[in-house]
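In case you want the letters, here they are:
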Amino acid sequence: MTATAPPRRAPEAGPDSEKTAAGRRLRPRVAERLRQVGLPYLLLLPALLAELLIHIVPMVFGIVISFKNLTLFYIHHWNSAPWSGFDNYKAAIKIHQPIGQALLHSFWVTLAYTLLSVGLSWLLGTAAAILMQDTFRGRAVLRAIFLVPYALPAYAALITWTFMFQQDTGLVNHVLHDQLHVTSNKPFWLIGDNSFWAMVIVSVWKSWPFAFLALMAGLQNIPRELYEAAAMDGAGVWQQIRKITMPSLRPVNQVLVLVLFLWTFNDFNTPYVMFGQSAPHQADLISIHIYQSSFITWNFGSGSAMSVLLLLFLLLVTAVYLLVTGRKRGEADA
Amino acid sequence: MRTSSTSSRLLAATALVAALGLTVTACGGGSDDNGGSSNNDPASLKGQTITYWASNQGTSLDNDKQVLTPELNKFTQATGIKVKLEVIGWADLLNRILAATTSGQGPDVLNIGNTWSASLQATGALMPWDSAAFTAIGGKDRFAPAAIAAAGAAGKDPAAVPLYSMAYGLYYNKKMFADAGLTPPKTWEELVTDGKKLTTGGHYGLAVEGSNGAENIHHAFVLAKQRGSDWFDSSGKATFTTPANVAAVKQYVDFIANDKIAAKGDAEYSQNQTITDFATGKAAMMMWQSAATSIKAHGMKPDEYGVVPVPTPTANATGDAAITSMVAGINMAVFQNTKHKAAAEAFVKFMTSTPEQKILNGTYGSLPPVKEAQSDAAFQTPDLKVLASVLSNSAAPLPQVPNESQFETLVGTAVKDLFADAAAGKPVTTDSVKAALTKAQQQMPAS
């Protein structure tokens with residue numbers, strides 16, 4: 001407001017007051033500039049503070065704990081737990097020793113679970129998004145139905161799945177065995193080998209609507225003229241998907257796949273609700289494994305060390321992924 | 001293009017941080033405010049408010065509130081101390097206690113499963129019950145010795161006071177036994193023979209809760225004890241792989257694997273489906289602790305079933321071979337950090353008083369660990385009389401060692417996986433049982 005208002009005594013001002021007037025003109029400009037530069041930071045401050053409190057501080061605590069021998073004997077005064085150096089890390093990576101072996105097993109289970117779940121979710125999401133592009137009767141209803149799994153509360157949905165997977169009374173075996181006769185007996189889904197597949201099925205069911213939603217939004221941005229021009233040039237549907245749709249969706253896919261990968265790799269809800277505190281050996285996901293180490297066997301140091309290793313792995317995956325996809329996109333842009 | 005790349009990276013980075021936030025363990029700071037008042041003057045306690053975390057004993061959390069509220073009001077009327085009640089489900093209780101222990105901010109009084117006594121005792125979060133504290137609530141002698149033995153490590157002051165007691169018995173369906181011309185088994189051999197006769201036409205001799213880790217170790221404990229074996233040595237070191245322990249687990253898993261007297265589907269049970277199967281006549285027998293209320297809730301009348309002690313290797317066994325149950329039960333502990341120690345002790349005194357013991361245990365269908373209350377008419381039903389006799393004559397506490405919860409998880413999961421093998425038709429042999437127990441033992445942290 002001061003920048004535009006003329007000084008009231010300006011007409012009678014001498015040389016001295018001219019200086020003052022210049023000073024006055026300068027100061028508002030500095031203030032304005034400060035405001036312009038500072039305001040964004042000021043607006044970011046609450047988010048930064050929240051980020052610090054919610055993520056960074058606990059993460060630092062987690063890292064500190066990973067270097068401590070924090071067991072049930074010390075949790076009452078946890079900062080007095082003795083330092084253990086790299087012992088927790090050594091135990092976690094010694095893959096020929098029981099603790100390391102079990103962690104490695106759960107790592108492979110998690111990796112397989114993540115790749116399968118993300119791959120299938122992405123495929124389903126892409127197919128559905130492309131099919132939903134054309135207008136037809138009932139499209140809005142179908143879209144809404146597709147998004148139901150994404151909208152349901154996770155716990156309620158997962159517990160319903162566990163009911164459906166019950167060997168004796170579950171809907172899955174009822175359909176497979178009693179109605180379709182595709183299995184000679186009723187298989188178990190929540191224990192033994194199939195528990196892994198049951199978990200993958202539930203995870204895909206839960207994740208693919210998100211992929212669908214993101215890709216549908218991405219498809220809206222592709223100009224229809226591109227398809228019309230391609231069609232004029234004689235390109236078929238498959239060629240249009242390959243040459244127009246997929247390249248245009250690349251930025252969306254880049255983020256989508258990464259986010260799905262990270263979410264699925266860290267998935268805790270699915271195994272916890274389906275199997276409780278101790279998942280079957282075949283479905284021993286790393287999140288449950290770390291939970292057990294920390295909260296069931298009360299070895300927080302060991303659990304934290306495993307968490308940090310997981311963090312490093314995910315950082316590495318993310319960095320490599322962003323590097324590779326970024327370069328690919330750079331090439332495509334050039 | 002550049003902008004979109006930056007924003008996508010920013011989104012990815014944010015997602016990464018959010019995702020990682022899930023996995024990294026965080027602990028809140030611990031405060032050490034130990035200003036517990038030891039003022040025992042009843043008048044000074046008036047107007048104090050204590051918090052009480054009750055474990056879920058009734059049919060639901062609301063049911064517990066309904067049962068406990070009038071009793072707490074009684075206590076408030078008599079002492080002027082108000083009690084803020086929170087009923088916590090079993091799935092959450094241990095984690096809540098853990099969080100309270102770490103932060104130092106917990107309730108004044110809480111319920112714990114008696115198998116956790118030694119583990120929680122090791123954390124130092126619970127007030128030790130020395131002779132003075134016991135004297136304040138009427139003396140240690142008022143309680144059944146078995147219940148006291150399950151309240152903390154041997155040679156230390158108990159970490160808690162027994163509140164509700166339970167014991168395992170063999171529940172059998174009277175009509176199914178009469179139809180087959182059988183009497184309840186006394187030995188394991190008889191149980192298997194009877195079980196085979198009763199396994200017919202979609203009915204099974206026995207129901208087991210194969211995916212319930214705690215249930216698995218309770219039975220593994222008794223079966224090992226009957227062979228004179230324990231799961232920990234005197235120094236608290238795990239001894240999971242002794243031949244007797246291997247044989248004990250194999251005997252239990254064999255109910256599905258070899259004897260085939262339990263349904264394969266039982267391998268999946270973890271939500272008390274065993275009781276449903278028993279109460280609806282799908283299974284003729286089950287080994288369970290204080291199940292009267294649940295059986296009734298599923299529509300089976302009290303005169304339709306009987307309860308006898310769980311079988312032993314030979315008839316009229318003595319010593320360890322005669323152990324038929326772990327000492328099951330719930331204890332009451334006072335949080336070490338309480339600022340209302342005297343009020344908390346007064347509350348424990350009230351809850352363990354003979355009249356309250358009769359009311360609470362009578363309502364919940366459990367047994368009073370207070371000897372004086374046991375003779376009450378409410379506990380003279382045929383099944384409770386059997387369970388009371390088991391508790392005083394043939395029950396032993398689970399190993400009271402700090403690593404007990406690891407034992408529950410690791411051995412409980414090993415047995416669960418063995419049951420899964422049995423259900424899938426894979427052979428369960430002494431070697432496969434030993435391999436599973438060896439793996440469990442190797443994962444035990446050094447204590």
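Note that the structure is predicted; figures quoted are calculated from it, not measured.

What counts and how
Residues numbered from 1 in each chain as written. Chains lettered and ligands numbered in written order. Predicted model: local features only at pLDDT ≥ 70, side-chain atom pairs only at ≥ 80, totals over all residues. Heavy atoms only, no water. Axes fitted to C-alpha atoms, helices over the stretch in contact; angles between N-to-C directions. Helix = DSSP H or I, 4+ residues; strand = E, 2+ residues; numbered from the N terminus. Parallel < 35°, antiparallel > 145°, perpendicular 65-115°, else oblique. Contact = heavy atoms within 4.5 Å. Nonpolar A, V, L, I, M, F, W, Y, C, P; charged D, E, K, R; others polar. Core = buried A, V, L, I, M, F, W, Y, C linked by side-chain atoms within 4.5 Å. Buried < 20%, exposed > 50% of the residue type's maximum accessible area, 1.4 Å probe, protein only. Phe/Tyr/Trp six-rings, centres within 6.5 Å; stacked < 30°, edge-to-face > 60°. Pairing = 2+ DSSP bridges. Right-handed = clockwise from strand over helix to strand, strands pointing away.

Caption draft 1: The packing of helix α10 (residues 213–225) of chain B against helix α18 (residues 404–423) of chain B, seen in detail. All names here are of chain B. Contact geometry for α10 and α18: axes closest at 8 Å, N-to-C directions at 95°. As judged from the angle between their axes, α10 and α18 are roughly perpendicular. Contact with α10, carried on its side by Gly-213, Ala-214, Asn-216 and Ile-217, involves Glu-404, Phe-407, Glu-408, Val-411, Gly-412, Val-415, Lys-416 and Phe-419 of α18 and no other residues of that element. Residues belonging to the contact of α10 with α18 are distributed by class as follows: six nonpolar, three polar and three charged.

Caption draft 2: The arrangement of the nonpolar core in detail. Core analysis: the biggest nonpolar cluster contains 98 residues, and Tyr-52, Trp-231, Phe-240, Phe-255 and Phe-347 of chain B have the highest contact counts within it. With 10 residues, α18 of chain B is the largest single contributor of residues to this core. In this structure, Phe-255 of chain B is in contact with Trp-188, Leu-191, Val-192, Leu-206, Val-208, Lys-260, Ile-261, Ala-262 and Met-287 of chain B, ignoring residues within four places of it in sequence. Core analysis: the second largest hydrophobic core is formed by 26 residues, Leu-72, Ile-75 and Ala-81 of chain A together with Ile-97 of chain B among them.

Caption draft 3: Broad picture of the packing of aromatic side chains. Following the criterion strictly, the structure yields 42 aromatic pairs over all chains and no others. For the pair Phe-146 of chain A and Phe-212 of chain A, a centre-to-centre distance of 5.3 Å together with 80° between the ring planes defines the contact as edge-to-face. Taken together, the residues span a long stretch of sequence, with Phe-146 of chain A in helix α4 (residues 139–146) and Phe-212 of chain A in helix α8 (residues 194–220) at a distance of 66 residues. Accessibility assignment for this pair places Phe-146 of chain A and Phe-212 of chain A in one class, buried. Consider the rings of Trp-231 of chain B and Phe-407 of chain B, whose centres lie 5.4 Å apart with planes at 40°: the pair is tilted. With Trp-231 of chain B in the loop between α10 and α11 (243–257) and Phe-407 of chain B in helix α18, the pair connects residues that are 176 residues apart, well separated along the chain. Since its relative accessible area comes to 0%, Phe-407 of chain B is described here as buried.

Caption draft 4: The pairing of strand β1 (residues 49–55) of chain B, seen in detail. Residues and elements named next belong to chain B. Most of β1 sits out of view: five of its seven residues are buried. Sheet topology note: the β1/strand β2 (residues 82–88) ladder contains seven bridges and is parallel. For Ala-54, the partnering residue across the bridge sits in β2 and is Val-87. Handedness of the crossover is the feature at issue here: the chain leaves β1, passes through helix α3 (residues 61–79), returns alongside β2, and the resulting connection is right-handed. In this sheet, strand β3 (residues 109–113) lies alongside β1 in parallel orientation, the contact comprising two bridges.

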